[in-house]
Every structure is written in C-alpha cells, then in structure tokens.
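The residues making up each chain are set out below.
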Amino acid sequence: MIRPLLLLAATTAFAAPIERIWLTHATSDPSKIIINWETDTPNDSVVEFGTSEALGQRVISERKTKLHHVKIPLEQRDVVYHYRVRSGDDVSTVSSFKGYPSKDLRIAIVGDWGYAPGKDVSAIIKDDVHLLLTVGDNVASLHEKGKEGTKAFSALIDANRDLFRRTPFMPILGNHDREITGRGPKPPAHAVYDVEAAAYREFFALPGDEWKWHFDLSGFDLRFIALDLNHIQDFGTTWQTCHAWQPDSPQFQWFAETMAASTSGFVLTLMNEKQTQVQGLTKGAWHEHFRKGSALITGFGYFADRAELSGGPPYYNTCLKGDGDLYKDPQSKFHARVDNYLLLTITAGAPTMKLQFKNLRGEVLDTTEIAKRKP
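As the structure is a computational prediction, the values presented were derived from the model and not from experiment.

Participant: Account for the environment of Val 278, with residues named and values stated.
Facilitator: Looking at where Val 278 falls in the secondary structure, it is placed in helix H7 (residues 275-281). Between the alpha carbons of Val 278 and His 231 there is a distance of 9.6 Å; along the sequence they are 47 residues apart. Residues contacting Val 278, with those up to four places away along its chain left out, are Leu 229, Ile 232, Met 271, Glu 273, Trp 286, His 287 and Phe 290.

Laid out in structure tokens, this is it:
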C-alpha cells in the first residue's frame, strides 16, 4: 500500500503548470476555435471546456506532441467560455474567453509587435475586444539567441499571457516573422527569409494556407482577407521575403477570386506593405481589387496614418511602436507619431462600422465611419 502512494507523490511532484496558451481560428468559420499550448515534453492534448467553471465537455487528442492545437466548438453567442488544458500530468488553471456576440462586436488590429517589446497593451484588454488581428511583424526575427524559430512566437505569448488566453488571435505575416538570418547591407549568398514561413505556420493554427487566409463573421456582414505582401521590391533576390505578388501569381489570382466572391457588406484587406509600393510595382493591378473592398490596412510604417485613396478604399497604417520616421501617404488625411492600434466596432445590421486610432493609453486619436459596400 505504501509504494503506490509514493509513486503518485513522485508523479505529482514533476507535474508542471501549463501557462503558455493562445487562441486562434484554423478555418474561416468562427463557430470553431483552436486552443493552443506548449509543453516541455511530448504528450497528449486534452481540453476541458464549457460555459461555466464546471466545464463539462472535453476534446482529446492522443497524439504525442509539444505543440498542441485542439479544436473545440463554439455553439453559443453572448456567453463566456471557460476552459482548461491538460497534457499528461501537466495542467493549466481555468481560463475564459468571450463567445462572439449577437449585437456589438469589437476588434483590435495591431502592427509591428516585434519592435514594440514591453509595450503596455492593457488598453486593448480594457476595450474588451472579441478578436485581435495583426498587420505583420509580430516578432523581430527568428534568429535572436534564445528566440530561434518558434521560440520567437513563444516569447510573444509569454509577454502577454493574459491577453492571449482570453482573446482569439489571428496574425498575418511580415518580413520579420520569417527572418532566419541577419539581413545585412546587401543581399548575401544565402536566403535571409523563409518564404514559406514554416515556423509561423507550425506555431499558429490559421485558416487556408495560413500565409494567406480569409475569415468571416457573417453575423456582422464582415470578412477579413489576409495577404502576404511585404518588401515586394526584393522579390527574386536573397532578400525575398513574401510569396509571389505579380498579377500572374497564384496569390494575386486567389485575392482577385476571393474579393470577387465576397458578398459581405464589409470587406477589410490586411497586408504589411505600403500601398504606393504595391501600386507602383504592379501598375495598379492590385488596386483594382482593393477598391472593391471596404478598407486596406497595413503595418508597414512606424506611425499612425489614414489616407483616402483615389477611387477608394480608405487606407490605414497602424503600429504599436509609433515613433519612427514619418513618411505619410501622399493622400493622407490624418497622421501621428505615437504608439497606436486600431479599434473596430460594429453593430449587427448597422449600415456603417467605426474605425478608431487609439494610443496605448486608450485615448481616441481619429475616428472614421465606413459604409457597407454594395457587392
């Protein structure tokens, strides 16, 4: 009788709390969410969840892994979901996140998190958003000592654990999210960037090809389209970072087809490049399709900027590190050198949605209203 008790005590002593947890969507359907976490050793994946702290439902994967992605259903709106994850003897505390609402939706969009370490993002938490999106450069590189490969994204989660446990997160790619060696003053003999973004795609469970995707919140007549456009002028060199972007490329054709098939009243395109660069190098080919959407949002510059493009759509640049050189868009209507993010708010059935630039104190810097488009 003594030996089993000793064995149980030894097993419990080596159990570790699971603390690195984040939420994503792996399909364009918001009725399912992915609970993600990491463990030090390979083990199974268990998520217990429910609409109260009693939990009551469970999803299990027997596959042994250190990087866990488990899909659970979100069958109700206007509720708070509670969940706990387990891998072997390791277990997390019970956390919670909001199910999607039926009336008022709030979404935050941030840029360049990789160059904003230590920034206080509590204003985003206070905004009580239902979804957090990015416009690229989520990490500084994939080669910093101790932050190689997926460890760079692990460090991002660790720096903002409360936010990521409670808020579904859908990033897009920037060049720094796949930088595997130092860039240097001129293109070296070897590739600087992993164009396929293997570490990013391994770490985050996202829709479609993951390096490009779309996500729909049909209850709010809303679609997001994420592109892989960054440093496009370096295409064909060892500095090439993104997938092909030319008008005959698969990415361009996918975007054109996705935009043409979009019936949502609000369609927002996300990228990590200057719109003037895209316009110039493609002679306006992308803009023919950008104009069919409701807004174009990027995180290329280290400042806040809003422009009204000729023929539409409105164009936004947002950055958590907003103190960089200001090279505002030629058609800029608002700009500021301040740390900032975008807050989107929309009421189901409303004819407009609101986009606000906010600083990291939560103060509103600029507000615009976008009307529903007519597909």
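Participant: How would you explain the pairing of strand S2 (residues 32-50) if you had to name every residue and give the values?
Facilitator: Across the 19 residues of S2, 15 count as buried, placing the element largely inside the fold. The pairing of strand S1 (residues 21-24) with S2 spans four bridges and is antiparallel. Bridge pairing in S2 places Ile 21 opposite Trp 37. As defined by bridge partners, S2 adjoins strand S3 (residues 57-73) across 13 bridges and the pair is classed as antiparallel. Across the sheet, the residue bridging to Ile 35 is Val 70, located in S3. Between S2 and the antiparallel strand that follows it, S3, lie six residues; Leu 55 among them carries a positive phi value of about 60°. Note: S2 against strand S4 (residues 80-87), five bridges, orientation antiparallel. Bridge pairing in S4 places Val 46 opposite Arg 86.

Participant: Please provide a residue-by-residue account of the packing of aromatic side chains, values included.
Facilitator: Inspection of the entire model under this criterion finds 22 aromatic pairs. With a centroid separation of 6.1 Å and 65° between ring planes, the pair formed by Phe 153 and Tyr 200 is classed as edge-to-face. Placement of the pair is Phe 153 in helix H3 (residues 151-159) and Tyr 200 in helix H5 (residues 198-203), with a sequence separation of 47 residues. Each member of the pair, Phe 153 as well as Tyr 200, carries the same accessibility label: buried. Consider the rings of Phe 252 and Trp 286, whose centres lie 5.1 Å apart with planes at 90°: the pair is edge-to-face. Taken as a pair, Phe 252 in helix H6 (residues 250-261) and Trp 286 in helix H8 (residues 285-290) lie far apart in primary sequence, 34 residues in all. Pair check on accessibility: Phe 252 and Trp 286 agree, each one buried. One aromatic cluster is present, formed by Trp 22, Trp 113, Phe 153, Phe 164, Phe 169, Tyr 200, Phe 203 and Phe 204 through successive ring pairs. Stacked on the ring of Trp 239, the Lys or Arg Arg 183 has its end atom at 3.8 Å from the ring centre.

Participant: Report on the sheet that holds strand S19 (residues 364-371), specifying residues and quantitative values.
Facilitator: In space, the six strands of this open sheet follow the order S9-S8-S7-S17-S18-S19, with mixed pairing throughout. Looking along the sheet, the strands with just one partner apiece sit at the ends: strand S9 (169-170) and S19. Where strand S7 (residues 104-110) and strand S8 (residues 131-134) come together, four bridges link them in parallel fashion. Each residue of the ladder has a partner; that of Val 110, found in S8, is Thr 134.

Participant: Can you explain the sheet that holds strand S16 (residues 332-336)? Please cite residues and give values.
Facilitator: One open sheet holds the seven strands; their spatial order is S10-S11-S12-S13-S15-S14-S16, and the pairing between them is mixed. At either margin of the open sheet sits one strand with a lone partner, and together these are strand S10 (213-217) and S16. For this sheet, the mean angle separating the axes of adjacent strands, direction not counted, is 15°. Where H6 meets the sheet, it contacts S10, strand S11 (222-226) and strand S12 (266-271), and its direction lies at approximately 175° from that of S11.

Participant: So, unusual backbone geometry: which residues are in play, and what are the values?
Facilitator: The omega angle of the peptide bond from Gly 312 to Pro 313 is -5°, so this bond is cis rather than trans. Mapped onto the fold, Pro 313 is located in the loop between strand S14 (304-308) and strand S15 (314-317). The phi dihedral of Asp 137 falls on the positive side, at around 55°, and the residue is not glycine. For Asp 137, the location among the structural elements is in the loop between S8 and H3.

Participant: Got a sec to walk through the side chain of Asp 305? Specific residues and values, please.
Facilitator: As for its position among the elements, Asp 305 is in strand S14. Despite being buried, Asp 305 has no salt bridge partner; Lys 328 is the closest side chain of opposite charge, sitting 7.3 Å away. Within the structure, Asp 305 has its side chain in polar contact with the backbone nitrogen of Asp 329 (distance 2.8 Å).

Participant: Before we move on, can you summarise the nonpolar core with the specific residues and values?
Facilitator: If you look at the biggest cluster of nonpolar residues, it comprises 64 residues, and the most contacted ones within it are Trp 113, Trp 213 and Phe 224. Not counting chain neighbours up to four residues away, the residues in contact with Trp 113 comprise Val 121, Leu 132, Asp 137, Asn 138, Leu 156, Asn 160, Leu 163, Phe 164, Phe 169 and Leu 320. Counting residues in hydrophobic clusters, the runner-up holds 20 residues, among them Trp 254, Met 259, Met 271 and Val 278.

Rules used throughout
- The written sequence of each chain sets the order in which its residues are numbered from 1.
- Where local features are concerned, this predicted model is filtered to residues with pLDDT of at least 70; where side-chain atom pairs are given and counted, the filter is 80 or more; whole-chain, interface and lining totals use all residues.
- Heavy atoms from the whole structure form the basis of all side-chain values; hydrogens and water molecules are not counted.
- The numbering of helices and of strands both runs from the N terminus, where a helix is a DSSP run of H or I of at least 4 residues and a strand a run of E of at least 2.
- When checking whether two residues touch, look at their non-hydrogen atoms; a contact exists if any pair is within 4.5 Å.
- The rule is simple: take the accessible area with a 1.4 Å probe, protein chains only, and divide by the maximum for that residue type; under 20% is buried, over 50% is exposed, in between is partly exposed.
- One bridge is not enough; two strands pair if DSSP finds at least two bridges between them.
- Stacked, tilted and edge-to-face pairs are distinguished by plane angle, under 30 degrees for stacked and over 60 for edge-to-face with tilted covering the rest, among Phe, Tyr and Trp rings (Trp via its six-membered ring) whose centres lie within 6.5 Å.
- Two conditions define a charge sitting above a ring: the NZ of Lys or the CZ of Arg must be within 6 Å of the ring centre, and it must be within 35 degrees of the ring normal.
- Where helices are involved, their axes are fitted lines through C-alpha atoms of the stretch in contact, as for all axes, and angles between N-to-C directions lie from 0 to 180°.
- His residues and chain termini do not enter the charge count, which takes Lys and Arg as positive and Asp and Glu as negative.
- Basic side-chain nitrogens of Lys or Arg form a salt bridge, by our definition, when they fall within 4 Å of a carboxyl oxygen of Asp or Glu.
- Throughout this description, a polar contact denotes any pair of N or O atoms lying within 3.5 Å of each other; where both atoms belong to protein, one of them has to be capable of donating a hydrogen while the other can accept it, and for residues adjacent in sequence the pair is counted only when both atoms sit in side chains.
- To qualify as a nonpolar core, a set must consist of buried Ala, Val, Leu, Ile, Met, Phe, Trp, Tyr and Cys residues joined through side-chain atoms within 4.5 Å.

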